[in-house]
2 protein chains.
Amino acid sequence: MGEFDLIKRFFTRPTPRAVLGVGDDCALLQPAPGMQLAISCDMLVSGRHFFPDVDPRALGHKALAVNLSDLAACGASPLAFTLALALPEADPAWLEPFSQGLLTLADAQGCELIGGDTTQGPLNICITVFGEVPAGLALLRSGAQAGDDVYVSGTLGDANLALTHMMRERQEGTATALPPLRLNAADLARARQRLEQPTPRVALGMALRGIATAAADISDGLLGDLGHILERSGKGATLDTTRVFTLLGAHHYAMEAATLLAGDAVRMQVLQHVLSGGDDYELVFTAPPDRAAAVQAAALASGTPVTRVGRIDAEPGLRLLDGQGRLLSPHNFQSFDHFAGTA
Amino acid sequence: MGEFDLIKRFFTRPTPRAVLGVGDDCALLQPAPGMQLAISCDMLVSGRHFFPDVDPRALGHKALAVNLSDLAACGASPLAFTLALALPEADPAWLEPFSQGLLTLADAQGCELIGGDTTQGPLNICITVFGEVPAGLALLRSGAQAGDDVYVSGTLGDANLALTHMMRERQEGTATALPPLRLNAADLARARQRLEQPTPRVALGMALRGIATAAADISDGLLGDLGHILERSGKGATLDTTRVFTLLGAHHYAMEAATLLAGDAVRMQVLQHVLSGGDDYELVFTAPPDRAAAVQAAALASGTPVTRVGRIDAEPGLRLLDGQGRLLSPHNFQSFDHFAGTA
C-alpha cells in the first residue's frame, strides 16, 4: 500500500469545521472571532510510552487522549489535529484498529483530523492538537495565588499500578518500587483501562474557565506537574497527604494499604506512588477558597469528581503534611523525566 | 540533562508574536482578523530522510525548511512552529548545532518556536508549522484551469544528484539510475547544499497570492507533485521536455548531458532524474497565460527565477513532448512514495 492510499483509506475524513482538511500542502483553520488557538504536541515512542504489542485500538485512543488532556488543562475546546506516523510497515491489520481508536475519540470530542504525514521508520506517533479558547480565558500554569486551594480531578495512581503490574509480568523491572499488595482482577482491569485508554478531562477544563486560577494536566505525576504550576506562578504549596491518599484509584488496593499504620514504610510507598505515578491524565488546578462552590458546580456539570488536596503558599517549595499535621520529607518524591539520568 | 533542562537550554526563546510560547500545557496563537491559519506537518526519520551522520546544523535547517516549503506552496506567511524530537540521548554536542540550524532559519523567516515535546527514542524530528494567509487567498492544489501555464521555480534535480552521489560513495545502492557523467566539485558542493539545506520558496508563494491558480511544493519529484495538482483539479497537463531539461541545476552536468543526441538513453535518464528526483523543495504552480507578466513580476520581487514548462489540459493525464513536439511515453517516470512496494 502506498503512502497516499494509506492516508486515503485510513485517515481521510470530512472536516466540516476546518476550512480545508487532508490532501493539500497545508490545512486551513479559521478560529472564530475573539478566540485564541491553543496548540499542543506529544510524541509517543514504541517501547518508551507503550508496549510494542499494545492493542492498536487503545494506542490510537491514547495518542489523541494525551494531547486532548493538554487542551483540557488550558480550558480549550477541541477543534482539530494533525497526525504524523512513522511505521515499520503499512500493515492494514494494525492501521485499521489504530485509526478506529483514534477517530472514535476524535469524533466523540469534535476534533477533526486535518492533516499530517506518514513515513517508514521505527513506530512513532506525533500528534499536534488545536483547540479554541476565548481570548484571556485560557487556564495557564502561571496564575496560582497564595491562599488558593489545590484540587485534583478523578483518581491517581491506577495507570502506574497497571504499568508496574505489566512490567513485573514481563520481568522488565518495575516502574516504581510499589509494594506487592493484593490487586484483584477487577481493579487490575480498571487500572489497565486507565493506563491504555485515559479519559481527557476536556469538559472539566472548559467548565473551569473563569474559575480556576491555574491548571496543568498530570502526565508525569502530581508532584512534578503541580511543581510546574508552582514554578511558573512563583509560589509554593502544602498538601494534606491524608487527602492525597484518598485519590488512589484501585479501591481494594487502597483499603488494604490504608489498614496499615500511618507512617508505615509500605504506606509511604503507596503515597509516593499516588504522588509520583504518571500517565493518569487528570487535572491539577487551583482556585480561590471563595470559588469552592463554583469548582464543585463545574465538577458536577462535567461529571468529573474533584478533590481538594492542599493550598498554595507564598513561600516557594512543596510541603507534605501527615494526618497529624506534621511535615514529611519530600526528598524521595520524584517525578518522571524522559531524560533523567542520561547526562 | 533532564527533559525540562534540555528544552530550557536549547529550545526556549522569546515569542513576541505568539500570545504564549514554550512552557505551559498549550501555546496560544491568535491570527489577525480576516486571516486563516495554514498548518502543515512533516516527520523526518533517521536513515530514511537523512544520513544518521548528517551535520546536525544542516538537519535543523532542513527539518524546518521542508515545513516552510508547505507554507510557501499555500502562499502563507510563516508565524510559528512546534517541534517534537525523539533522541537516542540528550547530547549537547548534537543539540547545540541542531538547535542553531533550526532557529537561524526560524529567525530569518519570522517563525517562532512555541512548543513541542522531547523524548528518548530512535532519532525522529516532527515539526508542525503555522502560517497566516488572508481568507480566500490560500494557493490550493485544486484550482488549476485548462489553458493555464505550468511553472516551476528555481532548479530541479540537484538534491537527488547529491543523494545519488553520496549513496554511491557509501555503496548503499543508488536513489535513481543516474548516468555516471562527470560532476565537478563545485556542482557537487552546490547540489549537496540543495539536498541538506534547501531554501523554502516562502517569498515567492506569498507573491503569487491572487496570481497563481494552483500550487504545490516539489518534495517527491515534479511528476508526482504536479500529479497532485492535476488530480485535485480534475485536469491533465502537457510538458515540454526541452524546457524541463533547462531546470537541471548542476550546470556542467546539464551541459554534458545536453551534448548527447536527443532521444539518447542517457539523455532520457537525465530527464527522468529532473522529472522524478525529490527533495528540491521548489514550487510547481499554474497561472492563466494573461497573468504571465504578473508571474514574472512575482518572481522578480521574490528573487526566485521561474520557468514555464507546460500547459494545463482539460483532458486528464500527463503528456510529455520531445523537442520535435512528439509524445514521449511516461511509463518510466515514477515519483517517490514512502511505502511503495511494502504491500
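Only a predicted model underlies this, so the values are computations on that prediction, with no experimental measurement involved.

Enquirer: Which parts of the structure should I look at to understand the overall build of chain A?
Expert: What chain A contains, in helices and strands, is 11 helices and 12 strands. Burial analysis of chain A (343 residues in total) assigns 59% to the buried set. Long-range contacts, defined as pairs at least 24 residues apart, comprise 85% of the intrachain contacts of chain A with a sequence gap of at least 6. Counting only carbon and sulfur atoms, one obtains 54% of the accessible surface of chain A, whose full area is about 12,800 Å².

Enquirer: It is not clear to me how the relation of the copies chain A and chain B should be interpreted in this structure. Could you clarify?
Expert: The pair of chain copies shares a relation made of a rotation about an axis and a shift along it. Turning chain A through 180° and shifting it by 0.0 Å along the axis lays it on chain B, with an RMSD of 0.0 Å. On this basis, the relationship between the two copies can be described by a two-fold rotation axis. A high fraction, 100%, of the interface residues of chain A reappear at the interface in chain B, so the copies pair face to face through one surface.

Enquirer: What is the right way to read the UniProt feature "binding site: substrate" (unreviewed entry) in chain A from this model?
Expert: Those places that UniProt annotates as "binding site: substrate" (unreviewed entry) correspond, in this numbering, to His49, Asp279 and Phe336 of chain A. A distance of 2.9 Å separates a polar atom in the side chain of His49 of chain A from the backbone nitrogen of Val45 of chain A.

Enquirer: Help me out: how do you make sense of helix α7 (residues 222-233) of chain B in this one?
Expert: For the α-helix, the turn length of 3.6 residues means that residues three or four positions removed from each other point alike. All names here are of chain B. If you check α7, its first and last C-alpha atoms are 16 Å apart, about what 12 residues at 1.5 Å a residue would give, namely 16 Å. Burial of α7 is extensive: 9 of the 12 residues sit out of reach of the surface. Of the residues making up α7, those classed as buried are Leu222, Leu223, Gly224, Asp225, Leu226, His228, Ile229, Leu230 and Ser233. Positive phi shows up at Gly234, right after α7, with a value of about 65°.

Enquirer: Looking at this structure, I do not really get the state of the cysteines. What am I missing?
Expert: According to the stated counting rule, one finds 0 disulfides over all chains in the structure shown. In this model Cys41 of chain A remains outside any disulfide bridge; the closest cysteine sulfur is found in Cys126 of chain A, 3.9 Å from its own. This cysteine, Cys74 of chain A, is not joined by any disulfide, and Cys26 of chain B carries the nearest cysteine sulfur, 3.5 Å off.

Enquirer: Whenever I open this one, the sheet that holds strand β1 (residues 27-29) of chain A confuses me. Can you help?
Expert: Sheets are built from strands that pair by backbone hydrogen bonding, the pairs being arranged parallel or antiparallel. In spatial order, the strands read β1(A)-β2(B)-β5(B)-β3(B)-β4(B); together these 5 strands make up an open sheet with mixed pairing. Looking at strand neighbours, the two that pair on one side only are β1 of chain A together with β4 (112-120) of chain B, the edges of this open sheet. Taken pair by pair, the neighbouring strands of this sheet meet at an average axis angle of 20°, ignoring direction. Of the pairings in the sheet, the one linking strand β3 (residues 77-87) of chain B to strand β5 (residues 124-134) of chain B comprises 9 bridges and is antiparallel in character. What sits directly across from Ala84 of chain B, in β5 of chain B, is Cys126 of chain B. Relative to the sheet, helix α2 (residues 56-74) of chain B contacts β2 (35-45), β3 and β5 of chain B, its axis offset from that of β5 of chain B by approximately 30°.

Enquirer: Could you clarify how one ought to interpret the sheet that holds strand β9 (residues 282-287) of chain A in this entry?
Expert: All names here are of chain A. The 7 strands are arranged β7-β9-β6-β10-β8-β11-β12 in an open sheet whose pairing can be described as mixed. Each having just a single partner strand, β7 (214-218) and β12 (327-328) make up the two edges of the open sheet. Packed on one face of the sheet, helix α2 (residues 56-74) meets β7 and β9 and runs near 165° to β7. Relative to β7, helix α7 (residues 222-233) is tilted by about 155°, and along the sheet it contacts β6 (149-153), β7, β8 (236-240), β9, β10 (306-313) and β11 (317-321).

Enquirer: When you look at the interface of chain A and chain B in this model, what are you seeing that I'm missing?
Expert: Size of an interface, as often reported, equals the accessible area lost when the parts are brought together. Facing 73 residues of chain A, the contacting portion of chain B comprises 73 residues. The contact between chain A and chain B buries some 5,700 Å² in all, and 56% of this surface belongs to carbon and sulfur atoms. Between Arg141 of chain B and Asp25 of chain A there is a salt bridge whose closest N-O contact spans 3.2 Å. Applying the counting criterion to the chain A and chain B interface returns 21 residue pairs in polar contact (both at pLDDT 80 or more). The leading source of residues in the side of chain A that touches chain B is strand β2 (residues 35-45) of chain A, at 10 residues. Grouping the constituent residues of the side of chain A that touches chain B by class yields 39 nonpolar, 19 polar and 15 charged. Inspection of the sheet shows β2 of chain A paired to strand β1 (residues 27-29) of chain B by 3 bridges, in the antiparallel sense.

Enquirer: Looking at this structure, how should I read the packing of aromatic side chains?
Expert: For the structure on display, the rule yields 9 aromatic pairs over all chains. Relative to Phe98 of chain B, the ring of Phe11 of chain B lies with its centre 6.4 Å away and its plane at 75°, an arrangement referred to as edge-to-face. Note that Phe11 of chain B is positioned in helix α1 (residues 3-11) and Phe98 of chain B in helix α3 (residues 92-108), a separation of 87 residues in sequence. For Phe11 of chain B, a relative accessible area of 4% puts it in the buried group. Aromatic rings pair up to connect Phe10, Phe11, Trp94 and Phe98 of chain A into one cluster.

What counts and how
Residues numbered from 1 in each chain as written. Chains lettered and ligands numbered in written order. Predicted model: local features only at pLDDT ≥ 70, side-chain atom pairs only at ≥ 80, totals over all residues. Heavy atoms only, no water. Helix = DSSP H or I, 4+ residues; strand = E, 2+ residues; numbered from the N terminus. Buried < 20%, exposed > 50% of the residue type's maximum accessible area, 1.4 Å probe, protein only. Contact = heavy atoms within 4.5 Å. Areas by Shrake-Rupley, 256 points an atom, 1.4 Å probe, with all protein chains shown as cover. Least-squares fit on C-alpha atoms with pLDDT ≥ 70 in both. UniProt positions renumbered as here; feature names shortened; annotations may be inferred. Polar contact = N/O pair within 3.5 Å; in protein donor to acceptor, adjacent residues only side chain to side chain. Expected span 1.5 Å × (residues − 1). Disulfide = S-S within 2.5 Å. Pairing = 2+ DSSP bridges. Axes fitted to C-alpha atoms, helices over the stretch in contact; angles between N-to-C directions. Buried area = accessible area lost by both parts, 1.4 Å probe. Salt bridge = Lys/Arg side-chain N within 4 Å of Asp/Glu carboxyl O. Nonpolar A, V, L, I, M, F, W, Y, C, P; charged D, E, K, R; others polar. Phe/Tyr/Trp six-rings, centres within 6.5 Å; stacked < 30°, edge-to-face > 60°.

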